[in-house]
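# Residue-level structural notes
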Amino acid sequence: MEMNRRQFVQTFGLAALGLAGAGTLAGCGGGNAGSGSSANASSKVEAIKSRGKLKAGVKKDVIGYGYLNTATKEYEGLEIDLCYQIAAAVLGVSYDEAKKQKLVEFTDVTPKTRGPLIDNDQLDIICATYTINPQRQAEWDFSTPYRTDHVGILVKKAAGMKSMADLDGKIIGVSQGSNTKDMVLGMLKDEGFDAKPDFQEFPDYPSIKSALDAGNIDAFAMDRSTLKGYTTDDCELLQPEIEFGAQDYGIATKKDCDLSPVVDDTVKGLLENGWIEEDIAAWGLL
């Protein structure tokens, strides 16, 4: 599978997308780009070209999406690969060359930190299972969705919970800054379950799983593909047949920034040529 994947990404690199001229777009902030140094000062694309690297916010604990491999000390996953594709598009190199030269500077982010890090220009993009919704779209630009997932609820098999109704009075662990709580409450209402759970927020996913294993919470609610990495033999999804809380993941950039259309065009191209579907399969996210 790895050999096929390597051959695939070599075929569908920057040349296939035709984005080499993307850096000529307007600047950030919605103002006129102007000319000379003032235009360059407001351009995200020019800033990236000047430093020679893309600064990307990613997850470090979501296997298959953004994961810091403790053995290799390298980030890996679908979203890491997407960051290299964006870097290739902006810097005018192939995807393979972007990876070889390590043209992305990764910073691990949480739901609480990712937005501010874009606002203060510490990061160029956020590619970290960032769900698109109207509230966030008012604050930041988002690419076309590259992946759609649904929320799931992980419970201990020994707890004996078989229905969402069993969540009544239970404590559900969720990530700080996420909209998971609202998704769960909406599902319980829509499905007609008379259950009123409590929620406890945690700074990261491993902390939620540790709390579940320790018996400090009764359930772990998160996107299903994320939960897959934390599902052990003694855990299971509660009523997996109930699909709710569709999560459209997009790459976020600063509002009205010239980098935004470059990112969106890249994602669209990778969807059209099948690269994203191939990479999803390569990372076992099906």
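Anyway, here's the lowdown on the structure attached to this text. (Residues numbered from 1 in each chain as written. Predicted model: local features only at pLDDT ≥ 70, side-chain atom pairs only at ≥ 80, totals over all residues. Heavy atoms only, no water.)

## What about the sheet that holds strand E3 (residues 66–69)?
Pairing within the open sheet is antiparallel, and its three strands lie in the order E2-E3-E4. Where the open sheet ends on each side, the last strands, each with one partner, are strand E2 (61–62) and strand E4 (74–76). Sheet topology note: the E2/E3 ladder contains two bridges and is antiparallel. Bridge pairing in E3 links Val-62 to Gly-66. (Pairing = 2+ DSSP bridges. Helix = DSSP H or I, 4+ residues; strand = E, 2+ residues; numbered from the N terminus.)

## Details of the nonpolar core
Among the nonpolar cores identified, the biggest contains 51 residues, and Phe-106, Ile-125, Tyr-146, Phe-220 and Leu-259 are the most heavily contacted of them. Beyond its immediate sequence surroundings of up to four residues, Phe-106 is in contact with Ala-56, Val-58, Tyr-75, Ile-80, Cys-83 and Tyr-84. (Core = buried A, V, L, I, M, F, W, Y, C linked by side-chain atoms within 4.5 Å. Buried < 20%, exposed > 50% of the residue type's maximum accessible area, 1.4 Å probe, protein only. Contact = heavy atoms within 4.5 Å.)

## Quick notes on the layout of surface pockets
Reported here for the largest pocket is a volume of approximately 200 Å³. Surrounding the largest pocket, 13 residues form its lining, Glu-74, Tyr-75, Ile-80, Tyr-84 and Phe-106 being those nearest its centre. Elements represented by at least two residues in the lining of the largest pocket include exactly E4, helix H5 (78–91) and strand E5 (104–108). Classifying every residue of the lining of the largest pocket by side-chain character gives six nonpolar, one polar and six charged. (1 Å grid on protein atoms, 1.4 Å probe; cavity = no way out; pocket = protein on both sides within 12 Å on 5 of 7 lines; lining within 4 Å. Points joined across faces, edges and corners; volume = space filled by probe spheres on them. Nonpolar A, V, L, I, M, F, W, Y, C, P; charged D, E, K, R; others polar.)

## A closer look at unusual backbone geometry
Even without being a glycine, Thr-129 presents a positive backbone phi close to 40°. Take Thr-129: it is sitting in the loop between strand E6 (125–126) and helix H8 (134–139). Thr-129 gets classed as buried once you look at its relative accessible area, which sits at 5%. For Asp-256, which is not glycine, the phi dihedral falls at a positive 60°. Its place among the elements puts Asp-256 in the loop between strand E14 (252–254) and helix H12 (259–272).

## Quick word on the side chain of Asp-61
Assignment of secondary structure puts Asp-61 in strand E2. No salt bridge is formed by the buried Asp-61. Its closest oppositely charged neighbour is Lys-59, at 5.6 Å. (Lys, Arg positive; Asp, Glu negative; His and termini not counted. Salt bridge = Lys/Arg side-chain N within 4 Å of Asp/Glu carboxyl O.)

## A few points about helix H9 (residues 180–190)
Every buried residue belonging to H9 is among Thr-180, Val-184, Met-187 and Leu-188, and all of these are buried. Down the axis of H9, the smallest arc covering the buried residues is 100°, so these residues share one side. Facing away from the buried side of H9 by more than 90 degrees, the exposed set consists of Asp-182, Lys-189 and Asp-190. In this structure, the buried residues of H9 make contact with strand E8 (147–156), strand E9 (171–175), strand E10 (198–202), strand E11 (219–223) and strand E13 (244–249). (Arc of directions from axis to C-beta.)

## Topic: the packing of aromatic side chains
We describe a pair of aromatic rings using the distance from one ring centre to the other and the angle between the two ring planes. Applying the stated criterion across every chain yields a total of nine aromatic pairs. Between the aromatic rings of Tyr-95 and Trp-275, the centroid separation amounts to 5.7 Å while the plane-to-plane angle is 70°, which identifies the pairing as edge-to-face. On the criterion of sequence distance, the pair formed by Tyr-95 in helix H6 (residues 95–100) and Trp-275 in helix H13 (residues 275–282) is long-range, its members being 180 residues apart. The pair formed by Tyr-95 and Trp-275 is uniform in burial state, with each residue classed as buried. With centroids separated by 5.1 Å and ring planes inclined at 65°, the aromatic side chains of Tyr-130 and Phe-142 adopt a geometry described as edge-to-face. Remark: Phe-142 occurs in strand E7 (residues 140–142) and Tyr-130 occurs in the loop between E6 and H8; sequence separation between them is 12 residues. The structure contains a cluster of three or more aromatic residues connected by ring pairs, namely Tyr-65, Tyr-146 and Tyr-249. (Phe/Tyr/Trp six-rings, centres within 6.5 Å; stacked < 30°, edge-to-face > 60°.)

## So, the environment of Gly-173
Counting through the fold element by element, Gly-173 comes out in strand E9. Placed 44 residues apart in sequence, Gly-173 and Ile-217 show a C-alpha to C-alpha distance of 6.4 Å.

## Side note on the pattern of salt bridges
Think of it this way: side chains of opposite charge can pair up when their charged atoms draw near. Scanning the model with the defined rule gives 12 salt bridges in all. The salt bridge partner of Asp-81 is Lys-99, with a shortest N-O separation of 3.5 Å. In this pair, Asp-81 is assigned in helix H5 and Lys-99 in helix H6, connecting sequence segments 18 residues apart. One salt-bridge network, in which partners are shared between bridges, spans Lys-44, Arg-51, Asp-121, Asp-124 and Lys-254.

## Observations concerning the pairing of E8
Extensive coverage of E8 is indicated by the burial of eight of its 10 residues. As paired elements, E8 and E13 share four bridges and run antiparallel to each other. When the bridges of E13 are listed, Arg-147 appears paired with Tyr-249. When E8 meets E11, the two strands line up antiparallel, connected through five bridges. Bridge pairing links Val-155 to Ala-219 in E11. Both E8 and strand E12 (residues 235–237) contribute to a ladder of three bridges, which runs antiparallel. Paired with Val-155 across the bridge in E12 is Glu-236.

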